[in-house]
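Residue-level structural notes
So you can see what is in the structure, the chains are spelled out below.
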Amino acid sequence: MKKFFIKIIYFIIVYMVCLIGMNLFMNKDLNNLTQELKAPSLPTVVMNCDGIRYNTLYGYTGEQQISHMRDCISVIPSDRHVRFFVDTYSHQLFDLSFQVRSVDGERLIEDTVVEDFVQDKSTVTVDINLKDLLRQDEEYCLIIKLSTDTDTDVRYYTRFVMSDDLAPHEKLQFVKDFHERTLGLKEGEEIAKYLESDESLQDNRSFNYVNIHSSYKMITYDGFQVTRASTPVLQLTDVRGQTAAMTLSFVGIHEDNGERIQFDICEHYRIRYTEERIYLLDYERFMTQIPDESRFCANDKIMLGIVSEEVPMMESSEGNVVAFYEAGALFAYNAPTNKLAHIFSFYDDNNSDIRSRHNEHAVKILNVDDEGDVSYAVFGYMNRGRYEGQVGVQLMKYIASNNTVEEKAFIAYNRSYDVLKLQTDTLLYENAEGLVYLFLDNMLYCVSDKDKTMEPITDMDADDSFMASADNRVVTWTKGEGDLGDQMVIRDLESGSEFSFKAKSGEYVKNLGFIDDDIVYGIVKKSDVYTDNTGKKTMPMYKIVICDTEGKVLKNYETPGEYILSCSVMDNQISLKKAVKNENLSYSYTEDDQIINSETERVFKNNVIGLDIEAYKHFVEIQVTNQINTKTLMRLTPKEVVFEGEKLMSYQPVFEEDVYFVFDPYGLKSMSKNANTAINRAYVLNGSVMDCFGNTIWYKGNRVSRNQIMAIKERPVEEGESSLSVCLNCILELNGISFKTESYLAMGKDVNMILSDNLSNARIMDLSGCSLDSVLYFVNRDIPVLAILDKEDKVVLITGFNDQNVVIMDPLENKLYKKGMNDAVDYFMENGNHFISYYKAE
């Protein structure tokens with residue numbers, strides 16, 4: 001018996017030795033195939049304005065589409081002298097050159113090699129003089145090209161304008177001074193006069209977000225001591241006449257019981273400068289606590305601290321694993337194994353390198369399973385690693401069992417992070433089979449890492465009306481032109497099933513949106529679609545339908561004799577604007593209506609909660625499914641597994657011309673195919689609208705106090721003419737074209753066709769629904785605005801304005817007259833705010 005037990009013990013020992021040896025051998029191989037994220041290597045470029053360093057430029061290793069490189073704008077004096085600094089981070093700079101191009105990138109104005117520059121260990125000072133080929137107050141693009149001892153050619157982009165009237169130094173200095181006063185580095189009470197404080201607002205309850213309406217105490221951190229741990233990065237994002245917009249970002253530190261808590265802090269400023277004083281038009285500050293996993297967990301909470309409550313988060317089907325993304329870092333907590341993995345961030349060890357902190361990227365969590373594996377996408381500018389200096393989408397997977405991450409694919413993109421983000425916000429989804437779907441340049445693509453392919457969905461065209469459900473699982477598009485189609489396609493990206501149906505004979509189908517994963521669409525009779533000769537198109541729906549992904553109708557909404565002129569879907573509610581048809585084909589609105597879905601929302605096991613804590617104001621936590629044992633908690637930082645073979649997916653960008661880009665003073669916010677939608681959005685944001693070539697077609701503010709297009713005189717309606725034809729003739733004559741439009745209108749051509757055919761390099765814009773104040777921007781630029789008066793059944797031209805009046809040319813009345821501004825606002829609003837204008841690309 002004794003020998004038997006000895007044999008058993010011997011067998012167990014041999015087994016354990018073999019198991020440990022095998023594990024060490026396997027881990028050795030795995031360690032040889034893994035690597036950490038490489039540190040940043042590219043230099044940065046910083047512009048100079050009379051001793052103030054501003055506009056830090058980050059390097060790109062490929063050629064980007066110039067019209068979309070709009071992160072910042074630099075100001076150079078009329079002597080065309082430019083000074084900038086290259087922070088090389090101890091790398092040797094070999095060659096330096098620069099180009100000046102038009103904002104669309106098509107016209108090369110200058111291409112110069114810089115022979116002389118002053119270089120010390122880590123900084124190169126460069127002085128250049130641009131050629132005398134520039135026009136005052138016109139935007140250009142400066143492209144700086146470097147090559148270093150890393151054998152990499154790098155490009156840096158900044159818009160610039162040549163002017164002596166923009167006072168950039170004074171504006172930049174004001175921002176620096178205001179910032180220092182908020183931190184107590186200078187007397188703080190001076191800034192109180194610039195605020196518009198309202199103690200009743202919610203903006204006084206959290207350090208995470210404050211604005212110009214917050215209290216003076218909140219603006220100055222209300223006793224919560226914050227010091228700077230990094231040099232502020234000051235960016236000039238917009239400058240027009242007296243106004244300018246800037247951002248200032250830095251790492252802040254708060255000492256709490258001997259522990260240093262770090263924050264990523266970014267301030268937004270919009271100011272107006274006059275010789276008498278500076279006005280603060282807007283101020284916002286975003287303060288986000290940088291994660292520190294060493295003090296993350298307590299009880300059943302993951303403590304995020306001073307952050308927004310809108311935390312991107314996803315849990316596994318059982319809720320035992322939760323992944324979350326906050327302050328540039330992706331984490332996953334596995335409750336059964338009590339492991340917290342810091343899966344991704346570009347941060348360096350102490351967050352001191354501005355290249356690591358550059359925030360033009362984001363992460364989207366795609367899938368979390370109960371084994372702890374997490375699929376995710378990093379998209380935007382790559383701060384470090386093998387794709388450093390590129391913009392793109394990197395598809396990744398965290399393997400919990402090995403504590404490693406694996407790359408599935410990388411899709412390079414030649415536009416800016418802002419444009420890419422709008423695309424991925426529309427759709428980026430991974431199904432259970434590992435297929436990833438993403439929306440790029442108005443097309444739906446399917447990415448397979450197994451087949452190493454990225455293929456467009458073949459039955460979808462760029463002109464189709466595309467929509468995705470909130471969770472991105474279901475997508476729909478109508479086949480046809482614009483909003484109306486003869487066929488609707490419904491695809492469930494998870495199951496791969498697809499259902500399509502054709503509209504009945506004599507009808508169109510209109511894509512409206514989703515309630516959860518159910519589809520909402522409208523039915524329009526072709527006989528009810530009406531386009532008048534001003535180009536205004538009416539598309540009344542007589543029925544609203546809700547169906548599931550297999551096309552099964554769940555609900556019909558139809559009222560005999562009534563039409564739905566517009567429909568919006570928000571969360572579980574459909575809002576309808578209803579009308580009845582009049583004999584003259586016009587419509588009179590009736591009472592609005594709503595359709596409400598009563599289904600209950602999904603209940604999650606891991607939830608974000610907010611607590612009010614005196615010192616921190618508002619403190620955010622994730623409440624998880626179990627008590628976290630902090631003594632046995634394992635904190636993991638995975639390495640990436642390196643595989644042989646190419647992971648780069650080939651993608652040919654689709655250049656779409658009929659898109660308008662909406663900017664607020666600090667960056668890109670949205671895109672639209674409709675000029676009126678874009679302008680209305682920009683008007684609310686105090687922003688601007690740009691076309692795909694980089695031309696600014698509209699911006700709010702800086703309008704002169706008065707302007708009139710003197711070349712347009714009163715003109716009567718003569719025999720065979722209409723008020724519309726007279727107005728069109730005036731527009732063409734203003735552009736040097738003698739042309740009678742009556743016959744073209746009689747042939748059924750509308751305003752858009754006639755003006756497009758005759759005005760070269762012009763884009764005609766339907767501005768219906770825009771305010772009078774917004775369309776006066778075009779009159780300010782000596783472009784008349786066509787106003788269609790629906791109630792009075794006539795057309796007039798808006799040709800001028802001052803502070804009190806609008807100048808109107810009325811052909812039916814044969815007069816050019818002034819109308820009081822307030823009266824004009826009411827007048828055009830009562831007639832539908834139906835405007836048409838145009839702009840010409842330079």
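These figures come from a predicted structure and were not determined experimentally.

On average, residues of the chain score 90 in pLDDT, and 93% of them are at 70 or above. Every residue in residues 19-32 scores below 50 in pLDDT, and together they form 3 contacts with partners more than four places removed in sequence or on other chains.

This brings us to helix α6 (residues 675-685). Because the α-helix completes a turn every 3.6 residues, residues three or four places apart line up on one side. For α6, the complete set of buried residues consists of Ala675, Asn676, Ala678, Ile679, Ala682 and Leu685. Summarising the contacts, the buried residues of α6 are in contact with β52 (660-664), β53 (667-672), β54 (688-691), β55 (696-699), β57 (762-766) and α10 (772-780). After α6 finishes, the residue Asn686 shows a positive phi value of roughly 55 degrees.

Core analysis: the biggest nonpolar cluster contains 133 residues, and Phe84, Phe178, Ile343 and Tyr376 have the highest contact counts within it. Each residue touching Phe178, except ones within four places of it in the same chain, is listed here: Ile191, Tyr194, Leu195, Ile219, Tyr269, Leu280 and Tyr283. Counting 59 residues, the second-largest nonpolar core is a separate cluster that includes Val689, Leu732, Leu759 and Leu786.

What follows covers the environment of His68. Along the polypeptide, His68 turns up in the loop between β3 (52-58) and β4 (73-76). Placed 624 residues apart in sequence, His68 and Cys692 show a C-alpha to C-alpha distance of 7.8 Å. Among all residues touching His68, those that are not within four sequence positions of it are Arg415, Ser416, Val419, Phe661, Met690 and Cys692.

Turning next to the sheet that holds strand β19 (residues 301-305). Strand order in the open sheet made by the 4 strands is β18-β19-β48-β47, with antiparallel pairing throughout. Bordering the open sheet on either side are β18 (297-298) and β47 (607-613), each of which pairs with just one other strand. Judged from the 2 bridges that link them, β18 and β19 form a sheet pairing that is antiparallel. Bridge pairing links Cys297 to Ile302 in β19.

Let's shift gears to the pattern of salt bridges. Enumeration according to the criterion identifies 38 salt bridges in this entry. For the salt bridge of Glu63 with Arg155, the shortest nitrogen-to-oxygen distance reads 3.5 Å. Of this pair, Glu63 sits in the loop between β3 and β4 while Arg155 is found in strand β11 (residues 153-162), placing the two residues 92 residues apart along the sequence. In this structure, Glu792 and Lys794 form a salt bridge, with 3.5 Å as the shortest nitrogen-oxygen distance. By sharing partners, the salt bridges in this structure join Asp177, Glu180, Arg181 and Lys186 into a single network.

How each quantity is defined
- All residue numbers refer to position in the chain's written sequence, counted from 1.
- Restriction of local features to residues with pLDDT of at least 70 applies here, the model being predicted, together with a cutoff of 80 or more for giving and counting side-chain atom pairs; totals for whole chains, interfaces and linings are based on all residues.
- Side-chain numbers here rest on the full set of heavy atoms in the structure, without hydrogens or water.
- Every residue gets a pLDDT, meaning the predictor's confidence in that residue, from 0 to 100.
- In this description, contact between two residues means that some pair of their heavy atoms is separated by no more than 4.5 Å.
- Burial classes: relative accessible area under 20% of the type maximum marks a residue as buried, over 50% as exposed, and values in between as partly exposed (1.4 Å probe, protein chains only).
- Numbering of helices and strands runs from the N terminus, with a helix taken as a DSSP run of H or I at least four residues long and a strand as a DSSP run of E at least two residues long.
- We define a nonpolar core as any set of buried Ala, Val, Leu, Ile, Met, Phe, Trp, Tyr and Cys residues linked to one another through side-chain atoms lying within 4.5 Å.
- At least two DSSP bridges between two strands are required for those strands to pair.
- A carboxyl oxygen of Asp or Glu within 4 Å of a side-chain nitrogen of Lys or Arg is what we treat as a salt bridge.

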